[in-house]
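# An overview of the molecular structure
One letter stands for each residue in the lines below.
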Amino acid sequence: MSVTPSVTPDLELRPRSPRSHLAGTLALVEQLASRSGPSPGLAPLRRFLDRPDALPAAVDPAQSGLKYDAYLTRGPQGAAWGVAVSDRHEGPAMVPAVEALLGALGAEAALPAARALAERLGGAGPELTVALGFDVPGAIPRVKLYLQERRWGEGLATAGALSELLAALPGGCALPPWVPADQPVGVLTVERLPSGGQRFKAYIGGPDPRELLPDAPPALRALADQMAAVCPAPGWHYATLRLRPGAAPGVAINKIYDVNALAFTESPGRLEAAWAEVGALFGAASRAAAWAELEALRSSIPDTLLVPTASALEAGGESVDLYCGAWAPEGAPGGGA
């Protein structure tokens, strides 16, 4: 997720340009696609991504940040991966491209639900992120539309208000009773499955994963304890609740990294420390093979800067995912002026 830190670090930033970010992302996507085989979603994704004219050639450092990130994981049928794109630098102008992408994937129905929720949330409006999950080789990808708080801790709505909005939608549901009604919710996801089904996820955020939801069930509290113990560096965290009508929610803990602070300052040790922390998380989950594959991915595009953006811990602490952002050198093909 591309949510911006609520307090900008007191650091001199030297970020790479949005077009460098796009060029790095295109290179990363090609590497990910080569590991999982062809998919009918690849051509629409490439068209959606490869729009350099929609991006400024450069931005003020204060406006820099994450627009694209991607993940690689291993599922029962082999490599699975995904990519997420926020409306940063584009705003509402990105919507026609999102509509074209969803139309090509037969997932148009996800957009009306997301729009209805965004309109009812009011305020300045959430940041929109569209994500594709290539779970099964050769299959249409999952589509996820994230409505995100624009800065850590701002919130979209309270849990009580959001439950009312969700209950009014087809296939809607509510947050569980152990989430206080006045608890701010930072992110809401509308997920469209290849089968045509629809799901929702809610994200509760805060700086300490152990303090997010004190009354949560033991499974979620155990994940929070594990994340805090293995990944103690400062960051932002979300408790993720996969909402299902009439059933207990699925749970996960996410850690969100401050990309600017890691990669675009005069402190390169920050970035390597973050990678080491992520490696420790994979080790604690006994996912050495998955970590080796991520290390191989890093070395496969040596001229591209890869930065951890978010990790996810779930399934009793035995499943770890990692999102990372990519930046090509300035002046590379498609990489900026």
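Definitions and limits used
The numbers attached to residues start from 1 for each chain and follow its sequence in the written order. Per-residue local features are limited, in this predicted model, to residues with pLDDT of at least 70; the limit for side-chain atom pairs, both in listing and counting, is 80 or more; totals at the level of whole chains, interfaces and linings are taken over all residues. Side-chain numbers here rest on the full set of heavy atoms in the structure, without hydrogens or water. Note on definitions: the grid is 1 Å and covers protein atoms alone; a cavity is a set of points where a 1.4 Å probe fits but cannot get out; a pocket is an open set with protein on both sides within 12 Å along at least five of seven lines; lining residues have an atom within 4 Å of a point. Grid points are joined across faces, edges and corners, and a volume is the space filled by probe spheres set on the points. By definition, any uninterrupted DSSP run of H or I lasting at least four residues is a helix, any uninterrupted run of E lasting at least two residues is a strand, and each is numbered from the N terminus. Whenever Lys or Arg places a side-chain nitrogen within 4 Å of a carboxyl oxygen from Asp or Glu, that contact is recorded as a salt bridge. Classification of residues uses two cut-offs on accessible area relative to the type maximum, computed with a 1.4 Å probe and protein chains only: under 20% is buried, over 50% is exposed, and between them is partly exposed. Note on scores: pLDDT gives the predictor's confidence for each residue, bounded by 0 and 100. Take the number of residues in a helix, subtract one, and multiply by 1.5 Å to get its expected span. We call two residues in contact when some of their heavy atoms are within 4.5 Å. Working definition: rings of Phe, Tyr and Trp (its six-membered ring) pair if their centres are within 6.5 Å, and the pair is stacked with planes under 30 degrees apart, edge-to-face with planes over 60 apart, and tilted otherwise. Axis lines are fitted to C-alpha atoms, over the contacting stretch for helices. Their N-to-C directions set the angle, which ranges from 0 to 180 degrees. Orientation labels follow simple angle bins: below 35 degrees gives roughly parallel, above 145 gives roughly antiparallel, 65 to 115 gives roughly perpendicular, and whatever is left gives oblique. One requirement defines pairing of two strands: DSSP has to find at least two bridges between them.

## Observations concerning empty space enclosed by the protein
Counted according to the given criterion, the structure contains three cavities of 30 Å³ or more. Space inside the largest cavity adds up to approximately 60 Å³. Along the walls of the largest cavity sit Pro15, Arg16, Ser17, Pro18, His21, Val59, Ser64, Gly65, His89, Phe264 and Trp327, which together make up its complete lining. Taken together, Leu72, Thr73, Arg74, Phe282, Ala290, Glu293, Leu294 and Val320 form the lining of the second largest cavity. Elements with a minimum of two residues in the lining of the second largest cavity: strand E1 (68–75) and helix H9 (288–300).

## Examining the pattern of salt bridges
Side chains that differ in sign of charge can pair as their charged atoms come close. For the coordinates displayed, the defined rule picks out 14 salt bridges. Between arginine 46 and glutamate 30 there is a salt bridge; the shortest N-O distance is 2.8 Å. Taken as a pair, arginine 46 in helix H2 (residues 42–49) and glutamate 30 in helix H1 (residues 18–36) lie far apart in primary sequence, 16 residues in all. When its relative accessible area of 34% is taken as the criterion, arginine 46 is described as partly exposed. One salt-bridge network, in which partners are shared between bridges, spans Asp135, Arg142, Glu191 and Arg199.

## Overview of the confidence of the model for the chain
Close inspection of predicted coordinates is inappropriate in any region flagged by low pLDDT. Of the residues in the chain, 93% have a pLDDT of 70 or more, and the chain-wide mean is 89. Averaged over each element, pLDDT in the chain is lowest for helix H4 (residues 110–121) (83) and highest for H2 (97).

## Regarding H1
Here H1 spans 27 Å end to end across 19 residues, near enough to the 27 Å set by a 1.5 Å rise per residue. Among the residues of H1, Pro18, Ser20, His21, Leu22, Ala23, Gly24, Thr25, Leu28, Val29, Leu32, Ala33 and Ser36 are the ones counted as buried. Looking one or two residues past H1, glycine 37 carries a phi angle of roughly 90°, positive in sign.

## Quick word on the environment of alanine 326
For alanine 326, the location among the structural elements is in strand E12 (residues 319–327). Spatially, the C-alpha atoms of alanine 326 and alanine 43 are 20 Å apart, while their sequence positions differ by 283 residues. If near-sequence neighbours (up to four positions away) are discounted, alanine 326 is found in contact with Ser20, His21, Gly24, Thr25, Leu28, Thr304, Leu305 and Leu306.

## Quick word on the packing of aromatic side chains
If you walk through the whole model with that rule in mind, you get eight aromatic pairs. Between tyrosine 146 and tyrosine 203, the aromatic rings sit 6.2 Å apart at their centres with planes inclined by 50°, giving tilted as the arrangement. Here the residue tyrosine 146 occupies a position in strand E4 (residues 142–148), and tyrosine 203 occupies one in strand E8 (residues 198–206), the gap between them amounting to 57 residues. Here tyrosine 146 and tyrosine 203 have matching classes, each one buried. Where tryptophan 152 meets tryptophan 236, the ring centres are 5.7 Å apart and the plane angle is 15°; that geometry is what we call stacked. Residue tryptophan 152 is found in the loop between E4 and strand E5 (157–158), and its partner tryptophan 236 is found in strand E9 (residues 236–244); the two are separated by 84 residues along the sequence. For the residue pair tryptophan 152 and tryptophan 236, the accessibility class agrees, reading buried in each case. The structure contains a cluster of three or more aromatic residues connected by ring pairs, namely Tyr146, Tyr203 and Tyr238.

## Notes on H4
With twelve residues, H4 should cover 16 Å at 1.5 Å per step; its first-to-last C-alpha distance of 17 Å lies within 8% of that length. Restricting attention to buried positions, one finds in H4 the residues Ala110, Leu111, Ala113, Ala114, Ala116, Leu117 and Leu121. Taken together, the buried residues of H4 touch helix H3 (95–105), E4, E5, helix H5 (159–167), strand E7 (187–192) and E8.

## Some words on the packing of helix H8 (residues 269–284) against H9
Their axes nearest at 8 Å, the elements H8 and H9 cross at an angle of 150°. Looking at the two axes, H8 sits roughly antiparallel to H9. The residues of H9 that touch H8, namely those facing Glu272, Trp275, Val278, Gly279 and Phe282, are Ala288, Ala290, Trp291, Leu294 and Arg298.

## Brief notes about the pairing of E7
Most of E7 sits inside the fold, with six of its six residues counted as buried. Of the two faces of E7, the one holding Val187, Thr189 and Glu191 and the one holding Leu188, Val190 and Arg192 are both buried throughout. Note that E4 and E7 share six bridges and pair antiparallel. Looking across to E7, one finds that valine 143 is bridged to arginine 192. Pairing analysis gives six bridges linking E7 to E8, with the strands arranged antiparallel. When the bridges of E8 are listed, glutamate 191 appears paired with arginine 199. In sequence, E7 turns back onto E8 through a hairpin of five residues, with glycine 196 there showing a positive phi of about 100°.

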